[in-house]
Amino acid sequence: MSPDDETLVRRCLEGDDQAFDELLERYERKVFNGALRMVNSREDALDITQNVFLKVYQNLERFNARYKFFSWIYRIMVNESINFLNKRKPVDPVDESLPSSQRGPLESLRGVELSEAVQDTLMQLKPDYRTIIVLRHFHGHSYREMGEILEIREEMVKSRLFSGRKMLRDLMVRRGIHSS
């Protein structure tokens, strides 16, 4: 049985590099997937993921064990992604080669087109709304977990999620995108 996050963090702080490798292995894919959903570019998501783990390593002593380690690291990813998007400003065109889900080869063409259209439309939302939708619908976080990650109250999470869903739906309707 592998050690919990708190134990690994403590071991890292004591100089155990293998413990950090375990944390990296445990969360690298989740951080990358979150960054990819935020910036829509594999290369940029890889850069962001590297920056996140560098910051985690450099600031591990600041981690507050009262919170989940994943919430802390995910918040760093969100901040890094938003900083990247703010620097980039003009929205890059959607990379059509990016798969928007991990579906099998038998998926219908309509499903692929819909997934790509949803991802393209998601990229049009402001980062605050995109983040909340990604956390809920692509990573399955609870309102409480999202509040911890984003450092906002649950009521704000619910409000932002409601508004983000409405904006996404309105954008999809304007583009003529329908799920059925």
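Structure report, in brief.

The next subject is the overall build of the protein. Per the secondary structure count, the protein includes eight helices and zero strands. The N-to-C order of helical and strand elements in the protein reads α-α-α-α-α-α-α-α. Looking at the protein residue by residue over its 180 residues, the buried ones come to 42%. Of all intrachain contacts in the protein linking residues separated by at least 6 positions in sequence, the fraction that spans at least 24 positions is 63%. Counting only carbon and sulfur atoms, one obtains 50% of the accessible surface of the protein, whose full area is about 10900 Å².

Quick look at the packing of aromatic side chains now. Tallied over the entire structure, the rule returns seven aromatic pairs. With a centroid separation of 5.4 Å and 80 degrees between ring planes, the pair formed by Phe-63 and Phe-69 is classed as edge-to-face. Across the pair, exposure class does not vary: Phe-63 and Phe-69 are buried alike. Between Phe-69 and Trp-72, the aromatic rings sit 5.8 Å apart at their centres with planes inclined by 50 degrees, giving tilted as the arrangement. Of the two residues, Phe-69 and Trp-72 are both situated in helix H4 (residues 69-88); the distance of three residues between them amounts to about one turn of the helix.

This part takes up the pattern of salt bridges. Scanning the entire structure with this criterion turns up nine salt bridges. One salt bridge in this structure joins Arg-11 and Asp-16, with 2.9 Å as the shortest N-O distance. A single network of salt bridges, built from pairs that share partners, joins Arg-11, Asp-16 and Glu-22.

Moving on: the nonpolar core. Grouped together as the largest cluster of nonpolar side chains are 46 residues, with contacts concentrated most on Val-52, Val-56, Phe-69, Ile-73, Tyr-74 and Met-77. Those elements giving two or more residues to this core turn out to be helix H1 (5-13), helix H2 (17-39), helix H3 (42-58), H4, helix H5 (109-122), helix H6 (127-138), helix H7 (143-150) and helix H8 (154-174). Each of domain 1 (5-87) and domain 2 (100-179) contributes no fewer than three residues to this core. For Val-56, the contacting residues outside a window of four places in its chain are Phe-20, Phe-69, Trp-72, Ile-73 and Ile-76.

Let's shift gears to the side chain of His-141. Tracing the backbone shows His-141 in the loop between H6 and H7. With a relative accessible area of 8%, His-141 lands in the buried category. In this structure the side chain of His-141 is engaged in a polar contact, spanning 3.4 Å, whose partner is the side chain of Glu-145. Residues in contact with His-141, not counting those within four places in the same chain, are Phe-70, Leu-135, Arg-136, Met-146 and Ile-149.

A few words now on H6. One turn of an α-helix holds 3.6 residues; hence residues three or four places apart share an orientation. Taken residue by residue, H6 has Pro-127, Arg-130, Thr-131, Ile-132, Ile-133, Val-134 and Leu-135 as its buried positions. Gly-140, located one to two residues past H6, shows a positive phi value of around 70 degrees.

Before going further, it helps to spend a moment on the packing of H1 against H2. Across the interface, H1 lies against H2 with an axial gap of 8 Å and an inter-helix angle of 140 degrees. Compared by their axis directions, H1 and H2 come out oblique. H1 and H2 meet at a crossing whose hand is left-handed. For the pair H1 and H2, the contacting residues are Asp-5, Leu-8, Val-9, Arg-11 and Cys-12 in the first and Ala-19, Phe-20, Glu-22, Leu-23, Arg-26 and Tyr-27 in the second.

For the rest of this paragraph, the subject is the side chain of Asp-5. Turning to its location among the elements, Asp-5 is positioned in helix H1. Taking the relative accessible area as the measure of exposure, Asp-5 reaches 16% and is therefore buried. Of the polar contacts made by the side chain of Asp-5, one reaches the side chain of Arg-26; its length is 2.5 Å. The contact partners of Asp-5, leaving out residues within four places of it in the chain, are Leu-23, Arg-26, Tyr-27, Phe-69 and Phe-70.

Cut-off values and rules
- Residues numbered from 1 in each chain as written.
- Predicted model: local features only at pLDDT ≥ 70, side-chain atom pairs only at ≥ 80, totals over all residues.
- Heavy atoms only, no water.
- Helix = DSSP H or I, 4+ residues; strand = E, 2+ residues; numbered from the N terminus.
- Buried < 20%, exposed > 50% of the residue type's maximum accessible area, 1.4 Å probe, protein only.
- Contact = heavy atoms within 4.5 Å.
- Areas by Shrake-Rupley, 256 points an atom, 1.4 Å probe, with all protein chains shown as cover.
- Phe/Tyr/Trp six-rings, centres within 6.5 Å; stacked < 30°, edge-to-face > 60°.
- Salt bridge = Lys/Arg side-chain N within 4 Å of Asp/Glu carboxyl O.
- Core = buried A, V, L, I, M, F, W, Y, C linked by side-chain atoms within 4.5 Å.
- Domains from an automatic or database assignment.
- Polar contact = N/O pair within 3.5 Å; in protein donor to acceptor, adjacent residues only side chain to side chain.
- Axes fitted to C-alpha atoms, helices over the stretch in contact; angles between N-to-C directions.
- Parallel < 35°, antiparallel > 145°, perpendicular 65-115°, else oblique.
- Left-handed = near helix turned anticlockwise from the far one by under 90°.

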